[in-house]
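If you want the building blocks of each chain, they are given just below.
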Amino acid sequence: MILCFIHLVVIYSGIRLNFKDLHNNFTKMLTILCLFFLCVNCTFSFYSGHCNISLSMNGMRCDCSSRDLTFIPTECPRNTSELYLANNDLDLLGKETFTRYTQLSFLDISDCNITSIDQSAFNNLTQLKNLKFLNNPLKKFQSNVLAPLTELRVLSISHILLSTYPRESWSDVCRITALVCDDGPSNGTFSEIFSAMKNLNYFEVDYQSVVIHNFTFQSFKRTPLKQLNINGHLRVIEIDAFAPLELLSSLIIPNQNFLKLSKTLPALHVFENRQMEELDLSNNFKNYGEYVISADLFAYIGNICVKRLSLGWNGIRRIDANAFQKMKYKHCLESLNLNYNDFDYHQDLIVLYLNFFINIKRIDISEITSRSIENIREQNTNGTRTL
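An account of the accompanying structure is given in this report. (Residues numbered from 1 in each chain as written. Predicted model: local features only at pLDDT ≥ 70, side-chain atom pairs only at ≥ 80, totals over all residues. Heavy atoms only, no water.)

1. Here we look at the environment of Arg 100
Next, step 1: Turning to its location among the elements, Arg 100 is positioned in the loop between β5 (92-93) and β6 (106-108).
Next, step 2: Note: C-alpha distance between Arg 100 and Thr 74 (26 residues apart in sequence) is 7.5 Å.
Next, step 3: Leaving out residues up to four positions away in the same chain, Arg 100 has contacts with Thr 74, Cys 76, Pro 77 and Arg 78.
Next, step 4: For Arg 100, the side chain forms a polar contact with the main-chain oxygen of Thr 74, separated by 2.9 Å. (Helix = DSSP H or I, 4+ residues; strand = E, 2+ residues; numbered from the N terminus. Contact = heavy atoms within 4.5 Å. Polar contact = N/O pair within 3.5 Å; in protein donor to acceptor, adjacent residues only side chain to side chain.)

Below, the structure written as C-alpha cells:
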C-alpha cells in the first residue's frame, strides 16, 4: 500500500507539471490510464482491531492469525474470500460458526487448539475450496461435519484425525483433489477412507514411519492419484510398495538421507513401461557408501518413460556409461538433474551422454563439489580414462 501511494504521489506531481506546462488533454487522459493500471497491481491494506485486512486482485484477505483469539472475529468484511485464523486459541467451533463469511474460498484454522466441532460449524461455506486444519487436538470427527463444504477441493489435516471420519459420511470427501497430511499411519497402512476419494490427484505426507510396506498404499487402489510427495525419515521401501498406485505419474521422495540405493531403485519396477511426468529422488543415498549406479540398477529408471529425473545431492561418483545407452525410454527424458554430486573422471565426459537423449531440454550438472574436481584431476593425471 505504501509503495503504491509513493508511486501515486510521484506521478501525480508529474501530472501537475504537465498540466501547468502543456495543458494537453491527451496527456491528461494518458496519465489517468497509467494511474489506473498502476493501481490494479497494488494491494491496499489496513489494520482493524484484531486483523489485517487487504484487498487485491485475488479478493478480500483477512489475516487474524497469532492474535491469541478465543473467538471468531466479526470485523472482517462479509465478502472476505481468504480468512487466516492460525495460531489462536479457539477451543471449539460452535453452531454455524462462519455464517458471517459465506464467500470464503480459503480458511486456515491450524494450530487453534480446537477440541470440538459442531456438526453445523461449516454451514453456509458453500464456496470454500481450501481448508487448513493442522495441529489441532481434536480427537474425533462427528458425522457429516464436512458435508456443507460442497466445493472443498484442497484439505490439509492430520492423517490420524482424518481416519476417524465416520464411514457413513465418507461421501463428504469424495470431491477432494489434493490432500496434505502432517503425519502418517501409525500401523503402517493408510486409512480406508482413501478408497472413497474418487478424485484425489495429489497427496503430500510427512510420513512418520521408517518403512513403506507393500501394504501401506492398499487403500489407494481405487484412488486416481497422480502425484505423491513423501517427506520424513525413510530407511526402507519394500519392493511392491507402490504397486497399488496404478495411475501415479509423479513420485517425489527427497531428503530422506538414510535410504539405500540398491534397495530403493528396485521398488520402481512397478512403474515399468509407464509414462511418468517426474521422478525426484534427490538427497537420499549419502549414508550407505553406495556411490556407483550400475547399468542393471539404473534400468529400474530406464524402463520408465519419465520426462523429468532428479538424482541431485546423492554423493554419486559414477553412473555406468552403459546405463544411459541401455535406457529403454531415453527418448522420453526432457530434464535431467545430477547437480551436487561427487562424480569422478566420468563427470567431464557426461556431456557426451546428451547424444542419447534426443528430446532433452535441460541437464543440470552444476555445483560439482571440490571432491569431484579433485577426482577428475587425479584420474586425468593418472591417465585412466576408461569408460
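Now that the structure is up, let's keep going.
2. Re the environment of Asn 359
Next, step 1: Topologically, Asn 359 is positioned in the loop between β20 (335-337) and β21 (362-364).
Next, step 2: For Asn 359, a relative accessible area of 38% gives the class partly exposed.
Next, step 3: Linking Asn 359 and Lys 307, residues 52 residues apart in sequence, is a C-alpha distance of 9.4 Å.
Next, step 4: The contacts of Asn 359, once residues within four sequence positions are left out, are His 331, Leu 333 and Glu 334. (Buried < 20%, exposed > 50% of the residue type's maximum accessible area, 1.4 Å probe, protein only.)

3. Side note on the packing of aromatic side chains
Next, step 1: Following the criterion strictly, the structure yields 18 aromatic pairs and no others.
Next, step 2: A centroid spacing of 6.2 Å and a plane angle of 35 degrees characterise the contact between Phe 217 and Phe 242, whose relative ring orientation is tilted. Highlighted residues: Phe 217 in the loop between β12 (211-212) and β13 (227-232) and Phe 242 in the loop between β14 (236-237) and β15 (250-252), separated in sequence by 25 residues. Across the pair, exposure class does not vary: Phe 217 and Phe 242 are buried alike.
Next, step 3: Their ring planes at 15 degrees and their centres at 3.8 Å tell us that Trp 313 and Tyr 340 sit as a pair that is stacked. In this pair, Trp 313 sits in the loop between β18 (305-310) and β19 (318-319) while Tyr 340 sits in the loop between β20 and β21, placing the two residues 27 residues apart along the sequence.
Next, step 4: Look at Trp 313 and you get partly exposed, because its relative accessible area is 37%. (Phe/Tyr/Trp six-rings, centres within 6.5 Å; stacked < 30°, edge-to-face > 60°.)

4. A word on the environment of Pro 137
Next, step 1: Among the secondary structure elements, Pro 137 is positioned in the loop between β8 (130-133) and β9 (154-157).
Next, step 2: Taking relative accessible area as the criterion, Pro 137 reaches 33% and is therefore assigned partly exposed.
Next, step 3: In this structure, the C-alpha to C-alpha distance between Pro 137 and Ile 114, residues 23 residues apart in sequence, is 6.0 Å.

5. A word on the state of the cysteines
Next, step 1: Taken as a whole, this structure holds 3 disulfides when the rule is applied.
Next, step 2: Disulfide partner of Cys 305: Cys 332, at an S-S distance of 1.9 Å. Negative torsions about the S-S bond denote left-handed disulfides, and the value of about -95 degrees found for Cys 305 with Cys 332 makes this one left-handed. Of this pair, Cys 305 sits in strand β18 while Cys 332 sits in the loop between α6 (321-325) and β20; the two residues are 27 residues apart in sequence, bridging distant segments of the chain.
Next, step 3: Since its relative accessible area comes to 12%, Cys 305 is described here as buried.
Next, step 4: Cys 332 gets classed as buried once you look at its relative accessible area, which sits at 8%. (Disulfide = S-S within 2.5 Å.)

6. Observations regarding the pairing of strand β4 (residues 80-84)
Next, step 1: Among the 5 residues of β4, 5 are classified as buried, and the element is accordingly described as predominantly covered.
Next, step 2: The sheet contact formed by strand β3 (residues 59-63) and β4 spans 4 bridges and is parallel. Paired with Met 60 across the bridge in β4 is Thr 80.
Next, step 3: Judged from the 3 bridges that link them, β4 and β6 form a sheet pairing that is parallel. Residue pairing in the sheet places Leu 83 in a bridge with Leu 107 of β6. (Pairing = 2+ DSSP bridges.)

7. Some words on the side chain of Ser 110
Next, step 1: Structurally, Ser 110 can be placed in the loop between β6 and β7 (116-117).
Next, step 2: In this structure Ser 110 comes out as buried when scored by relative accessible area, which is 4%.
Next, step 3: A polar side-chain atom of Ser 110 sits 3.0 Å from the main-chain amide nitrogen of Leu 134.

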